[in-house]
Every structure is written in structure tokens, then in C-alpha cells.
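# Overview (structure and organization)
What follows is each chain in one-letter form.
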Amino acid sequence: MPPRATIHSCSECGFQSGQWHGQCPGCEAWNTLVEERVAPRADGRSGARGRRRGGSGPANGAGAVARLGPRPLSDVGLAAVKRLSTGIGELDRVLGGGLVPGSLVLLGGSPGIGKSTLTNMALGNLLDGGHRTLYVSGEESAEQVRLRAERLGSGPSPPALKVPILAETDLDTILETLEAEAPEVCVIDSVQTLNAAGCSGAPGSVGQVREVAARIMALAKARGVAVILVGHVTKDGALAGPRVLEHLVDCVLQFEGERERPYRELRALKNRFGSTNEAGLFEMRQGGLVEVLDASARFVAEATRAPGSVVLAAMEGSRPLLVEVQALVAPSELEQPRRVVSGLDRNRLALVLAILHRHGRVSTGGADVFVNVVGGVRVDEPGCDLAVALAVASASLGVALRGSPRACFGELGLTGELRWVGHPERRLEEAAKHGLEGVIAPMDSGGAACEAATLREALTAAMPGEQGRPAVAAA
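A brief structural summary. (Residues numbered from 1 in each chain as written. Predicted model: local features only at pLDDT ≥ 70, side-chain atom pairs only at ≥ 80, totals over all residues. Heavy atoms only, no water.)

The next point concerns the packing of aromatic side chains. Applying the stated criterion across every chain, the model contains 2 aromatic pairs. Ring plane angle 80° and centroid distance 6.0 Å describe the contact between F255 and F282, whose orientation is recorded as edge-to-face. One end of the pair, F255, is in strand β9 (residues 251–257); the other, F282, is in strand β11 (residues 279–285), with 27 residues separating them in the sequence. Like F255, the residue F282 is buried in the burial classification. (Phe/Tyr/Trp six-rings, centres within 6.5 Å; stacked < 30°, edge-to-face > 60°. Helix = DSSP H or I, 4+ residues; strand = E, 2+ residues; numbered from the N terminus. Buried < 20%, exposed > 50% of the residue type's maximum accessible area, 1.4 Å probe, protein only.)

For the rest of this paragraph, the subject is empty space enclosed by the protein. Where empty space is left becomes clear once a probe the size of a water molecule has been rolled over the atoms. Taken as a whole and assessed by the stated rule, the structure comprises 3 cavities of 30 Å³ or more. Of the voids in this model, the largest cavity is the one considered here, and its volume is about 60 Å³. Taken together, the elements giving at least two residues each to the lining of the largest cavity come down to α2 (89–95), β4 (104–109) and α3 (115–128). Ranked by residue count, the leading element in the lining of the largest cavity is α3, at 3 residues. The residue inventory of the lining of the largest cavity, partitioned by class, reads 9 nonpolar, 1 polar and no charged. (1 Å grid on protein atoms, 1.4 Å probe; cavity = no way out; pocket = protein on both sides within 12 Å on 5 of 7 lines; lining within 4 Å. Points joined across faces, edges and corners; volume = space filled by probe spheres on them. Nonpolar A, V, L, I, M, F, W, Y, C, P; charged D, E, K, R; others polar.)

So, about helix α8 (residues 295–302). Taken as a whole, α8 has its buried residues at A295, S296, F299 and V300. The arc enclosing the buried residues of α8, seen along the axis, measures out at 120°, which places them on a common side. On its buried face, α8 sits against β10 (263–271), β11, β14 (319–331) and α11 (424–433). (Arc of directions from axis to C-beta. Contact = heavy atoms within 4.5 Å.)

For the rest of this paragraph, the subject is the pairing of strand β13 (residues 309–316). Counting buried positions over the 8 residues of β13 gives 8, a clear majority of the element. Of the two faces of β13, the one holding S309, V311, A313 and M315 and the one holding V310, L312, A314 and E316 are both buried throughout. Taken together, the 8 bridges between β13 and β14 define a ladder with antiparallel strand orientation. Bridge pairing in β14 places A313 opposite L322. Once β13 ends, the chain turns through 2 residues before running back antiparallel as β14, passing G317 with a positive phi of about 70°. Pairing of β13 with strand β17 (residues 407–408) involves 2 bridges; the strand directions are parallel. (Pairing = 2+ DSSP bridges.)

Pasting the structure below:
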């Protein structure tokens with residue numbers, strides 16, 4: 001029996017080496033190389049390194065495959081792609097209009113966030129629409145999946161109960177079932193639980209995940225099956241497994257939210273068939289996930305008029321969203337004051353506090369600062385800078401903003417200027433729709449906005465009467 005070759009694979013980028021390295025030569029990450037055993041082929045080469053990309057067959061001589069030379073993109077024909085609607089508008093929009101036949105979608109999220117609930121609902125709607133579906137469960141038994149499906153939808157027989165299910169972890173059995181059943185859409189929950197025979201390592205290891213995903217992708221492309229792979233995440237919230245898995249799939253979706261709060265947010269980190277700027281908002285209820293079609297109305301109605309509260313007119317992809325940003329500034333008993341953020345980038349808060357101190361004359365150096373985006377929503381765009389600055393200034397001075405709840409948006413420059421951000425007209429329309437007037441915005445925003453060129457002008461416009469003027473007066 002020939003000896004088994006040993007290789008080391010990076011769990012981050014998929015780099016392979018014959019010897020172990022403390023730092024990956026491919027992505028320079030530390031302690032990410034994992035040892036794998038690969039059975040050599042008959043020609044003596046390792047199976048993992050012996051594969052050739054591209055078409056099979058000889059390149060020259062009899063049986064040579066005809067190859068097309070380079071040609072202009074204008075000469076490339078476009079095939080009409082008919083997307084499959086999942087019946088969930090928020091999911092379809094994030095996908096770019098629905099599932100593309102033959103595509104591979106990777107859905108990640110924390111345990112208990114609602115990934116299985118979302119995919120069960122989507123398969124039920126697709127089955128009701130006349131499409132063939134299949135749910136492959138590698139983590140739960142068929143009985144456990146049924147208990148969850150009974151909660152979804154309304155009526156005595158929810159659509160999710162009619163979805164065919166296969167509780168299996170052996171990859172060969174799953175591929176044989178896909179060949180025999182020929183579904184149009186298949187959900188595999190989860191990719192880390194599947195086991196490929198002949199591949200060393202436990203399920204979920206680098207080699208196993210890479211092999212499983214590659215073989216599923218080959219069948220999906222050949223048969224035109226839209227496959228949704230459910231993936232685990234690490235403690236930091238990143239998708240677990242080798243980074244090559246994210247490069248392999250066509251679309252990477254991240255399902256975010258806090259289990260203690262009802263709202264869930266779906267974002268596209270990668271999408272070959274649509275935009276990565278879209279986001280979908282859901283609310284978890286007893287009967288499953290419910291689309292939140294007008295989240296702005298809820299957040300504005302719940303917005304407080306106390307010091308430290310401001311409404312941010314944000315953009316989630318192509319959709320405007322009004323969310324409340326709250327801040328609390330309190331004297332610190334620590335040598336190094338705390339900076340606690342929820343729903344925003346912590347480094348962005350440090351930047352805004354420095355600008356606020358230098359150009360707004362509002363100092364928080366000896367105080368603890370807490371900033372929170374209400375509802376568990378996460379905002380990543382630079383247009384949130386002004387909202388954070390006004391909320392912190394209002395909390396620090398103990399004065400509610402004039403006309404509270406007051407809306408605003410804008411990016412802050414390091415020299416104290418208020419910079420223009422995208423889609424100001426849509427932000428202003430959303431604010432006016434919910435009765436918010438005098439939105440503080442950068443110059444050239446148009447509409448009925450209260451325009452300001454600098455942070456100091458924005459603070460002067462937001463603070464009531466003379467109460468906040470001393471803190472924002474020119475030095």
C-alpha cells in the first residue's frame with residue numbers, strides 16, 4: 001500500500017504547503033496551517049496537487065478540444081437568466097432579484113439567528129410556486145426540522161411542511177439524491193457537517209469543506225440547481241472554514257442581529273449576480289421571520305426626545321432608513337475612559353470624538369462614552385458621522401436637540417468640514433414622509449434641508465437657544 005502524503009492547508013486562504021509554517025506564505029496569517037493527509041494517485045502524485053484546472057482531454061493530436069481565442073466583450077452573447085423568486089421580498093432584493101439556477105449561495109450567521117427558519121420559509125414558498133425543492137439537514141433530524149416547520153406560516157398545513165427533506169451527512173449519498181430527485185433549489189444545512197469519503201480530516205476541516213463545496217458546485221453547475229449552503233461563523237462573526245470557500249461560491253450572505261432583540265439584518269458580502277449594497281430587514285416572531293417593509297416608521301415612533309438622541313437618515317443599499325442613534329456621556333472612574341459602541345464601528349467613534357473635541361469644542365476625554373443604534377441595526381456608511389457627533393454633544397451638554405426628534409446625515413472631515421454623501425434627496429424624502437423637518441445635512445443636499453458647511457455650524461443649528469452656544473462658540 002503506497003504511503004499517504006501529508007500537506008498543510010491554510011484555513012484562511014487555502015494555500016497548501018508540504019511543510020508547516022507558523023505564518024501562511026499566502027495570506028500572512030499566523031497559525032492557520034492545518035495538517036491533512038492526502039492519498040497519492042497511481043502516478044505517485046498527491047491527489048490534492050495532481051488535479052489540473054481547465055478542460056479534460058489532450059491538448060494536441062487526436063481528440064483535442066477546440067479552444068476559443070480572445071474576443072471583445074461586445075461579441076459575447078448574453079443568455080437570458082430567469083430567476084427563481086423565493087416569495088420573500090427582502091431576500092430576493094439582497095440576492096439581486098431572486099435565485100439564479102446553477103448558482104451557489106453561502107449563508108452565514110450566528111447560531112440561533114434564524115438561518116434555518118429563513119431557508120425553510122423560502123423553500124416552502126418555492127414549492128408552493130411549483131418549483132421542485134430539497135432540504136438536506138446535516139445537523140438536525142427530520143423530526144426536529146418538522147417541529148420548526150410547523151411554526152412557520154399560518155393555517156393547519158404551512159408550506160414548509162411539504163418540503164422534501166433528507167437527513168444525511170454523507171456527501172456521496174447527497175449527490176446521488178440530487179441526481180435522482182433533480183430539484184430546482186436545494187438547501188444544505190450545513191456545509192461543515194458533510195463528510196466526503198476518501199478525504200482525510202473530520203467534517204468541517206479545511207480539506208473536507210473544500211472538497212464538499214467543489215463537488216456540490218460541479219453538480220449544481222451541470223444540473224442547473226440553485227444551492228444554498230448554510231455555514232457556521234467564528235466567535236468574531238466571520239464565516240468559518242477556508243477562505244477559498246467564499247471565493248468558490250457565487251454569493252455570500254451574512255445574517256446579522258442580536259438574539260435578544262427581534263430585528264435581523266441580511267447583507268450581501270459578495271454577489272456575482274447583483275449589488276452588494278442591498279440589505280434586508282426582518283423581525284423574528286413566534287411564527288417565524290417577518291419582513292419589515294417600513295422600518296423607518298417604527299424607529300421614528302420609538303425615538304425619544306431626551307438629550308443624547310438623534311435620528312440618522314441612513315441608506316441601506318438603495319433604500320433609505322431612519323434609525324435612532326443614542327449616546328450617553330458619564331464621568332469615568334477609570335484611568336482610561338471606556339468607549340462602548342453597538343451598531344457602529346468603534347474606530348469611527350474614536351475619530352468622531354477627536355473631531356468633536358478639536359472643531360466642536362466638546363471634550364469627552366475624561367468621560368465614558370456609550371453610543372448605540374437602537375433596534376440592533378448596524379450602520380456602516382460614513383454618513384453616520386454627524387449623527388454620532390450630535391448625539392454625543394447633546395448627551396455631554398445635557399440638552400436635547402432643537403425640534404427633537406431631529407434628523408441629520410453627513411460625513412465629517414478631519415478639518416471639521418461637513419462632507420456630501422450619496423443620495424441626499426432620498427434621505428430627505430424619507431425624513432419628510434415621517435414628519436421630520438429641518439434635517440441637518442451637508443451643503444448641496446437640496447430640498448428643505450438645514451444645510452451646514454462645518455461641524456460647528458451643524459452644532460449651532462441643532463442646539464436650542466443659548467444653552468449649547470458656549471460649548472460651540474469659536475475659540
